[in-house]
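Residue strings, one per chain:
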Amino acid sequence: MTMHLSRRELLTAGGAALAALSVGRAAHGQAPKSGSTFVSAQTTEATGLDPQLVPAFSRSRRSPMMYNQLVRFDAEMNPVPELAESWQVSPDGLTWTFKLREGVRFHDGQELSSADVKFTFDRLFERSPGKSDFIAVDRVEPAGRYAVKFVTKEPFAGLLAALGGFWGFVISEAGIKKHGDLNKAALGTGPFRLEDWKVEQQMVLKRHPQYFKKGLPHVDEVILRIIPDEANIVAALRTGQIHHAFLEDNKNFNLLKDEKTLTGYRSSRLGYDFLNINASRGPLKDVRVRQAISWAVDRSQVLRVAAAGFGRLTAPATAPMRQWQLTEEQWMRYYKPDPDRARKLLADAGHAGGFTVKLGVIPTFPTMVLGAPVVAAQLKRIGITAEIENVEYAVWIKRWLARDFDLTMNTTPGYADPDTAFFRALHSTKGQNWNSWSVPELDGLLEEGRRTLDPKKRKEIYDRVQILILENVPHLWLFSADTIDFTQATVKGFKQHPMTLLYGFEGVWLDRA
Amino acid sequence: MGRYLVVRAYSMALTLLGLTVLVFLMLRLIPGTVVEQMIGADAVVSPEMVAQLRHFFGLDQPWWLQYSRWLGGLAQGDLGTSWRTGKPVVRLILERLPVTIELTLLAVGFALVLGIAAGIVSAVRRDRAVDNVVRVGALLGLSVPVFWQGTMLILFFSIYLRWMPPVVWVDFFTDPRRNLTIMLLPALCLGTASAANIARTTRASMLDVLRSEYIRTAAAKGLAGWAVVMKHALKNALIPIVTVAGLQMGILLGGTVVVEEVFTLPGVGRLVLWSIYQRDYPLTQSTILFVAILFMAINLAVDMLYGYLDPRIRYGE
Amino acid sequence: MQWERQLRRGTRSTVVVLGGLVALLIVGAALFAGSLAPSAPDEQNFDLIESAPGARALFGTDRFGRDVLSRVIYGSRISLYVATVSIGVAMGVGGALGLVAGYLGGAWDNVINRVMDVFFSVPGLLLAVGIAAMRGPGVNSAVVAISIVYTPLFARVMRGPVLAEREKDYVQAVRALGATRLAVALKHVLPNVISPFVIQGTVAFSQAILIEASLSYLGLSAQPPTPSWGNMLNEGRTYLETAPWISVFPGIAIMLSVLAFNLIGDGLRDILDPNVQ
């Protein structure tokens, strides 16, 4: 097996042997071959395909196959032009003008125009749960056929992240007219058009011949198969029945890493697993109790069990959010397990004898199921009894929206921008306030960060935000699992993405020797 | 006979009506609805949006209105539209049903062949080594959990024999050979307990018949041992065997839900489970109803066959 | 001939005794899990993760370094609890319904039969899975599901013989002497129809263990980290290649206990119902 490591990984790993390996692979020196069918497998089916109605990550992952965003994040998490060729901000910071690429065609042959963009965001603001990403946007207006204006209520630094995020996919008005919604059909500008979908079995996508990126995609057809059991996916990779799969259980990396017919890919992910604390429940109101929890939990043990050690501990801004990272010394000092200190904090808060809380887990999320008992065992050491409570997804969502839990395991695909990452979750009045808490200094900083467009000033603000988070403990950032993909060795041109969206398939080709 | 069928059909219709009420009400008691499924965790949701979605799915209406709408649709042959996939329920069922039926038939076939053969040998060679092997084997077969057997078979084949059936589903008509390779282990697992049951029944009823006067007479007439067994004894022992096999077929139809899950086959059982988790009410309701009709039809067929084999039983007279 | 029959009866009772012993062992394990198990079922040991069966852990350990043997021992509690309660409820409720239907007859019989038919119209295991999934995962859901599946069965097993018994002369005679219907049903009819009912009970008990394990395996009964044989098998499923012992031992435990109760059922049938071979 050969490993592809992202540049980021190389910088931190720094191992000479690894670097040599990767460099050796980097220059393919071969012209891509086009044609043939590419088969990828995953365990979870999309519950619907409408990029504006379905929040599930299984939908977001598939959207780049059929749709494009105005802006997209590259592998280094820098915003780069996609459907928008360029953009500029007005001096008052309230109007963003995006110039659209000309000659972009939808799957039905129609050309993309500013009317489609306006339609997309009007529908999004009206009907979609994703409008929360665009909270500061007032309206979207066409400015001629190939330009569109986003007018915001206040300067809004998170706009590019929202456009390049999970809810930024541009749809066509004709598609909605024809299909009602886009849950089982698709009409976009993306590299592939939806040919056929058998739920829980497979999705067949055909090459979009008029795709605006010349020469792409290379393959004629992509089949996304559902194989619900990852053990079967492992077997299918080994026996060459599929070309590609994304591992959900990182321990399976060990089973495949020595297979000669496969190529493995591993890189840091934007998303992370966290322990959410409801700061309005009993003892959890006291910041000292939350700090005690933070000192009690040994995050590297959680990582070891839940992701087989393939991942990293993380500050509130994860590794791919490079420009927002604190230095490792700044956050690691909060992560060194210290049960004695934890017990003392508990005693100071008047809970020397410990107490009992519930710890929520969704049974269909493997990292939660595996992480929770480890967290519970570690809390037990300082006298906190965390009773693990398995809550079915639909019920969990209901209770989550009502903030009805003490502690709960949680996981997120992550956020490209610190505004989206922190404001919504943590602002006590204007956000969703996941923790039912209030830290006025943090609220002020979050508002300032949203309004500040100057990158340097923003960085200072969010450094402070992250320190405040670490000190006030709304969540425990437990770990960020690596993204692991495997392909057959004959597959070339595949790239991972920190957001784990399926951007990588447009450049894929098969080297049939 | 005709009158009997009418009575049966009437009572089946009544039962199905009862089932619709039961399933409908049980589904409404589950906490959480399709709306929460759709909203997800990471969203600012206004109460209006929730209300709008509830209205869209008709969840804001009183239950009896929702129920009568569904029933009205059923009366016109409309099983409804799945909320999560937007497809007609009947299409989803027809996509999945062949898998479940094929699995059931293969398992029944396997159970009949193995069960009857083992039962006969065991009865004829009573108290010999073969008999003991069959009897212990049957007891084990009755006790082994289907899913564990499946797991162990997968373990054995894939790791020790380095053989793995295709993981990607193919239906029988596209590629019969590949399809049967996939179905082999699941059918084996599903049929094991039934084979054990059938073997025990066959053995017991064969022993009864073999002891009876006329078999002894036949033997005395000089007919060779196996000829007696196959020609006379088996024929008379068949009635209880058919009954058990018929019952087993119904049980196996239910058992597929676990086997489909273990071997991840795209059958009806997994469809039911998935739809419950997704809170896709129309899909759950109509699929369960469909399975019930199938199940009752099997039971009816078994009863008819029973009457045919045993002329002493006459229905409706 | 005589000695042969004796021998057969002898081996048969040996088998039954063996079944009884195994059953006793399992019940003992459930009752005294605290003192029998080498460690607590949820005790994690990060120095001993996924280690193979050996001196330090007889049945090996799982991904959390938990002792598989201890978890198998504690797992017996869930199996026995669910089987006992659900079959108890099913026998009680089903028996009462069958008695009422068979003895009172008429409209009672009709209504009860109709309702029971509804539950009979869906294959048993699918019914159990459906009910448990709708109630939401948990041990109590398994109890409810299995009770509902078996209640109609016990009603039917009770109703038939009661119906037959009711018509017998002695019942008519007692009634004529002025005994109430309830008294007659409980004092005279019930004792005469109880043995097929009890035999059915043991068979159902072993099936209930199997169904609970299936529900656990599907994630519908006991929830982790509480150990049950079924959910251990489910957890072990992804470790088949690297740590098969996580799956092997709970499976053996299920099989042994089902086998034990099946043997007892067979034995009871021989004793209580001599007509059956």
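Given the structure is predicted, the values throughout are model-derived calculations rather than measurements.

(A) Structural detail: the overall build of chain B. Helix and strand content of chain B: twelve helices and zero strands. The principal-axis extents of the C-alpha atoms in chain B amount to approximately 90 × 60 × 35 Å. When burial is assessed residue by residue, chain B has 53% of its 317 residues classed as buried. Considering only residue pairs separated by 6 or more positions, chain B has 75% of its internal contacts joining residues 24 or more positions apart.

(B) Local environment of helix H5 (residues 124-135) of chain C. Residues and elements named next belong to chain C. Spanning twelve residues, H5 covers 16 Å between terminal C-alpha atoms, matching the ideal 16 Å at 1.5 Å per step. Along H5, the residues classified as buried are Leu125, Leu126, Leu127, Ala128, Val129, Gly130, Ile131, Ala132, Ala133 and Met134. Following H5 by one or two positions, Gly136 adopts a phi angle in the positive range, close to 90 degrees.

(C) Focus on the packing of aromatic side chains. Residue and element names in this part refer to chain A. Considering all chains together, one arrives at 39 aromatic pairs over all chains under this definition. Ring geometry for Trp87 versus Phe98: centroids 6.1 Å apart, planes at 40 degrees, classification tilted. Here the residue Trp87 occupies a position in strand S5 (residues 84-89), and Phe98 occupies one in strand S6 (residues 95-100), the gap between them amounting to eleven residues. Taking the relative accessible area as the measure of exposure, Trp87 reaches 24% and is therefore partly exposed.

(D) Layout of helix H16 (residues 440-451) of chain A. Residue and element names in this part refer to chain A. Taking 1.5 Å of rise per residue, the twelve residues of H16 would be expected to cover 16 Å, and the 17 Å separating its terminal C-alpha atoms lies within 8% of that figure. Every buried residue belonging to H16 is among Leu442, Asp443, Leu445, Leu446, Gly449 and Arg450, and all of these are buried. The buried residues of H16 all sit within an arc of 165 degrees when viewed along its axis, so they share a single face. Along its buried surface, H16 packs onto helix H15 (418-426) and helix H17 (455-472).

(E) Here's a closer look at the interface of chain B and chain C. Taken together, the contact between chain B and chain C spans 47 residues of the former and 41 residues of the latter. Buried area between chain B and chain C, both sides added, is near 4000 Å², and the carbon and sulfur share of it is 74%. Its largest share of buried area at the contact with chain C, chain B owes to Ser143, Phe147 and Trp148 of chain B, together 15% of the area lost on that side. Counting every contact that joins chain B to chain C gives one salt bridge.

(F) Local environment of the sheet that holds strand S14 (residues 272-277) of chain A. Residue and element names in this part refer to chain A. One open sheet holds the six strands; their spatial order is S15-S19-S14-S18-S16-S17, and the pairing between them is mixed. What marks the edges here is a single partner per strand, and that holds for strand S15 (311-312) and strand S17 (384-390). Summarising the sheet, S14 and strand S18 (residues 407-412) pair through six bridges and their orientation is antiparallel. Considered in S18, the bridge of Ile277 is made with Leu407.

(G) Quick look at the interface of chain C and chain A. Across the boundary between the two partners, chain C contributes 16 residues, which contact 20 residues of chain A. Between chain C and chain A, roughly 1600 Å² of surface is buried when both sides are summed, and carbon and sulfur atoms account for 56% of that area. Its largest share of buried area at the contact with chain A, chain C owes to Phe46, Arg63 and Phe64 of chain C, together 39% of the area lost on that side. Scanning the region where chain C abuts chain A turns up three salt bridges. For Asp229 of chain A, the salt bridge is made with Arg237 of chain C, and the minimal N-O distance between the two is 2.9 Å. Where chain C touches chain A, the interface holds eight residue pairs in polar contact (both at pLDDT 80 or more).

(H) Region of the structure containing the sheet that holds strand S8 (residues 147-152) of chain A. Residues and elements named next belong to chain A. With antiparallel pairing, four strands are arranged side by side in an open sheet as S5-S6-S8-S7. Of all strands in the sheet, those with a lone pairing partner are S5 and strand S7 (137-142), marking the two edges. For this sheet, the mean angle separating the axes of adjacent strands, direction not counted, is 20 degrees. Pairing analysis gives five bridges linking S7 to S8, with the strands arranged antiparallel.

(I) View of the packing of helix H3 (residues 68-104) of chain C against helix H8 (residues 181-217) of chain C. Residues and elements named next belong to chain C. In the contact formed by H3 and H8, the axes pass within 8 Å of each other and the chain directions differ by 145 degrees. Every pair of crossing elements has a handedness; the one defined by H3 and H8 is right-handed. Classifying every residue of the contact of H3 with H8 gives 20 nonpolar, five polar and two charged.

(J) Spotlight on the pattern of salt bridges. Applying the stated criterion to the full structure yields 49 salt bridges over all chains. Residues Asp131 of chain B and Arg135 of chain B are paired through a salt bridge, measuring 3.5 Å at the closest nitrogen-oxygen approach. Taken as a pair, Asp131 of chain B and Arg135 of chain B lie in helix H6 (residues 129-143) at a separation of four residues, close to a single helical turn. You can call Asp131 of chain B buried: its relative accessible area is 0%. Taking the shortest distance from any N to any O, the salt bridge between Arg203 of chain B and Asp131 of chain B comes out at 2.9 Å. One end of the pair, Arg203 of chain B, is in helix H8 (residues 176-211); the other, Asp131 of chain B, is in helix H6, with 72 residues separating them in the sequence. Both residues of the pair, Arg203 of chain B and Asp131 of chain B, count as buried. The network of salt bridges with common partners includes Arg281, Glu389, Arg399, Asp404 and Asp406 of chain A.

(K) The arrangement of the environment of Arg238 of chain A in detail. Note that Arg238 of chain A resides in helix H7 (residues 230-238). Ignoring sequence-local partners within four residues, the contact set of Arg238 of chain A consists of Leu255, Leu256 and Glu259 of chain A together with Glu241 of chain C. Engagement of the side chain of Arg238 of chain A in a polar contact is seen with the backbone oxygen of Leu255 of chain A, the distance being 3.2 Å.

(L) Spotlight on the confidence of the model for chain C. Residues and elements named next belong to chain C. Scored by pLDDT, chain C comes out at a mean of 86, with 94% of its residues at no less than 70. Mean pLDDT across the secondary structure elements of chain C bottoms out at helix H1 (residues 2-31), with 77, and peaks at H3, with 93. Reported for the predicted complex are a pTM of 0.85 and an ipTM of 0.85.

(M) Structural context of the nonpolar core. Among the nonpolar cores identified, the biggest contains 278 residues, and Leu70, Phe98, Phe150 and Phe505 of chain A are the most heavily contacted of them. Ranked by residues supplied to this core, first place goes to H8 of chain C with 14 residues. Setting aside residues no more than four positions away along its own chain, Phe505 of chain A makes contact with Phe38, Ser40, Met65, Phe192, Val222, Leu224, His244 and Phe494 of chain A. Grouped together as the second largest cluster of nonpolar side chains are 22 residues, Ala41, Val204, Ala236 and Leu247 of chain A included.

(N) Geometry of a nonpolar patch on the surface. A cluster of nonpolar side chains, Phe156, Tyr160, Leu161, Trp163 and Leu184 of chain B, forms an exposed patch at the surface whose accessible area comes to about 530 Å². Taking the relative accessible area as the measure of exposure, Leu184 of chain B reaches 48% and is therefore partly exposed.

Calculation criteria
- Residues numbered from 1 in each chain as written.
- Chains lettered and ligands numbered in written order.
- Predicted model: local features only at pLDDT ≥ 70, side-chain atom pairs only at ≥ 80, totals over all residues.
- Heavy atoms only, no water.
- Helix = DSSP H or I, 4+ residues; strand = E, 2+ residues; numbered from the N terminus.
- Buried < 20%, exposed > 50% of the residue type's maximum accessible area, 1.4 Å probe, protein only.
- Contact = heavy atoms within 4.5 Å.
- Expected span 1.5 Å × (residues − 1).
- Phe/Tyr/Trp six-rings, centres within 6.5 Å; stacked < 30°, edge-to-face > 60°.
- Arc of directions from axis to C-beta.
- Buried area = accessible area lost by both parts, 1.4 Å probe.
- Salt bridge = Lys/Arg side-chain N within 4 Å of Asp/Glu carboxyl O.
- Pairing = 2+ DSSP bridges.
- Polar contact = N/O pair within 3.5 Å; in protein donor to acceptor, adjacent residues only side chain to side chain.
- Axes fitted to C-alpha atoms, helices over the stretch in contact; angles between N-to-C directions.
- Left-handed = near helix turned anticlockwise from the far one by under 90°.
- Nonpolar A, V, L, I, M, F, W, Y, C, P; charged D, E, K, R; others polar.
- pLDDT = per-residue confidence, 0-100.
- Core = buried A, V, L, I, M, F, W, Y, C linked by side-chain atoms within 4.5 Å.
- Patch = residues over 30% accessible without salt bridge, like charges linked within 9 Å, V, L, I, M, F, W, Y side chains within 5 Å.
- Areas by Shrake-Rupley, 256 points an atom, 1.4 Å probe, with all protein chains shown as cover.

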